[in-house]
Amino acid sequence: MDRPSLNNHTPFDQRAVTRFRTHLPCEVRSESVVAEALLLNLSRCGLQLQSGGELVNALMPNIQRPDPHQPLRLQVGFQVETSSRENVPIGMQCQIIYTRRLAQDRFLIGCQFNDFEQGCAEDLQDYLLNFAEPMG
């Protein structure tokens, strides 16, 4: 398997990148809210979260972006296992690419990576290489 690198990709590249199935609890922070979410999948350039309506409503009241020309940014934190340690904290800045309603109070949020906290990119890459399950 090719060694994934956590680089920026164009939106066209993102569909070709291998996604890895996860089921990791995470904390999502923005200027307006701190909320729990579930990290459903990861790739080398982004992630998909499942959240309740509280998070989406706080980010986009009435499902409208405050300024459609300004990307919404989130801080996402979670823990992974690496080849040398367990419960390794991962922290990153992301920008929302899409939101999709699944049910009355359940949403998918797709995000692109912008920046990692120090050392997190290498730890995430180790997790993807050694422990994550590629999606079919």
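Calculation rules
- Residues numbered from 1 in each chain as written.
- Predicted model: local features only at pLDDT ≥ 70, side-chain atom pairs only at ≥ 80, totals over all residues.
- Heavy atoms only, no water.
- Disulfide = S-S within 2.5 Å.
- Buried < 20%, exposed > 50% of the residue type's maximum accessible area, 1.4 Å probe, protein only.
- Helix = DSSP H or I, 4+ residues; strand = E, 2+ residues; numbered from the N terminus.
- pLDDT = per-residue confidence, 0-100.
- Contact = heavy atoms within 4.5 Å.
- Phe/Tyr/Trp six-rings, centres within 6.5 Å; stacked < 30°, edge-to-face > 60°.
- Salt bridge = Lys/Arg side-chain N within 4 Å of Asp/Glu carboxyl O.

Novice: How should I be thinking about the state of the cysteines in this particular structure?
Specialist: Structurally, a disulfide amounts to a covalent bond that connects the sulfur atoms of two cysteines. Summed over the entire model, instances satisfying the criterion amount to zero disulfides. Its sulfur unpaired, cysteine 111 is 5.1 Å from the next cysteine sulfur, which belongs to cysteine 94. By relative accessible area, cysteine 111 is classed as buried at 5%.

Novice: Looking at this model, I keep getting lost on unusual backbone geometry. Mind explaining?
Specialist: Leaving glycine aside, a negative phi is the common case for residues, and trans is the common case for peptide bonds. The phi dihedral of asparagine 87 falls on the positive side, at around 55°, and the residue is not glycine. Topologically, asparagine 87 is positioned in the loop between strand E4 (73-80) and strand E5 (88-103). The class of asparagine 87 is exposed, set by a relative accessible area of 54%.

Novice: Help me out: how do you make sense of the confidence of the model for the chain in this one?
Specialist: Taken as a whole, the chain shows an average pLDDT of 86; of its residues, 83% reach a score of 70 or greater. Segment residues 8-12: pLDDT under 50, and six contacts once partners within four positions in sequence are set aside and those in other chains are kept.

Novice: I keep staring at the packing of aromatic side chains and nothing clicks. Help me out?
Specialist: Each pair of aromatic rings is reported with the distance of its centres and the angle of its planes. Overall, the coordinates contain one aromatic pair when judged by the stated rule. Each ring, one from phenylalanine 113 and one from phenylalanine 116, has its centre 5.1 Å from the other, and the planes form 65°; the classification is edge-to-face. For the residue pair phenylalanine 113 and phenylalanine 116, the accessibility class agrees, reading buried in each case.

Novice: Could you clarify how one ought to interpret the pattern of salt bridges in this entry?
Specialist: Note that side chains of opposite charge can pair when their charged atoms are close. Counted by the stated rule, this structure contains three salt bridges. For aspartate 123, the salt bridge is made with arginine 85, and the minimal N-O distance between the two is 3.2 Å. One end of the pair, aspartate 123, is in helix H3 (residues 120-130); the other, arginine 85, is in the loop between E4 and E5, with 38 residues separating them in the sequence.

Novice: It is not clear to me how the environment of asparagine 57 should be interpreted in this structure. Could you clarify?
Specialist: Assignment of secondary structure puts asparagine 57 in helix H2 (residues 53-59). Judged by relative accessible area, asparagine 57 falls into the partly exposed class, the value being 42%. Put simply, asparagine 57 and valine 33 are 24 residues apart on the chain and 9.7 Å apart in space, counted from C-alpha to C-alpha.

Novice: Where do I start with H3 in this structure?
Specialist: One turn of the α-helix equals 3.6 residues, which is why residues spaced by three or four share an orientation. The set of residues buried in H3 consists of Cys120, Asp123, Leu124, Gln125, Asp126, Tyr127 and Leu128. Buried-residue contacts for H3 involve strand E1 (20-29), strand E2 (34-42), E4, E5 and strand E6 (106-116).

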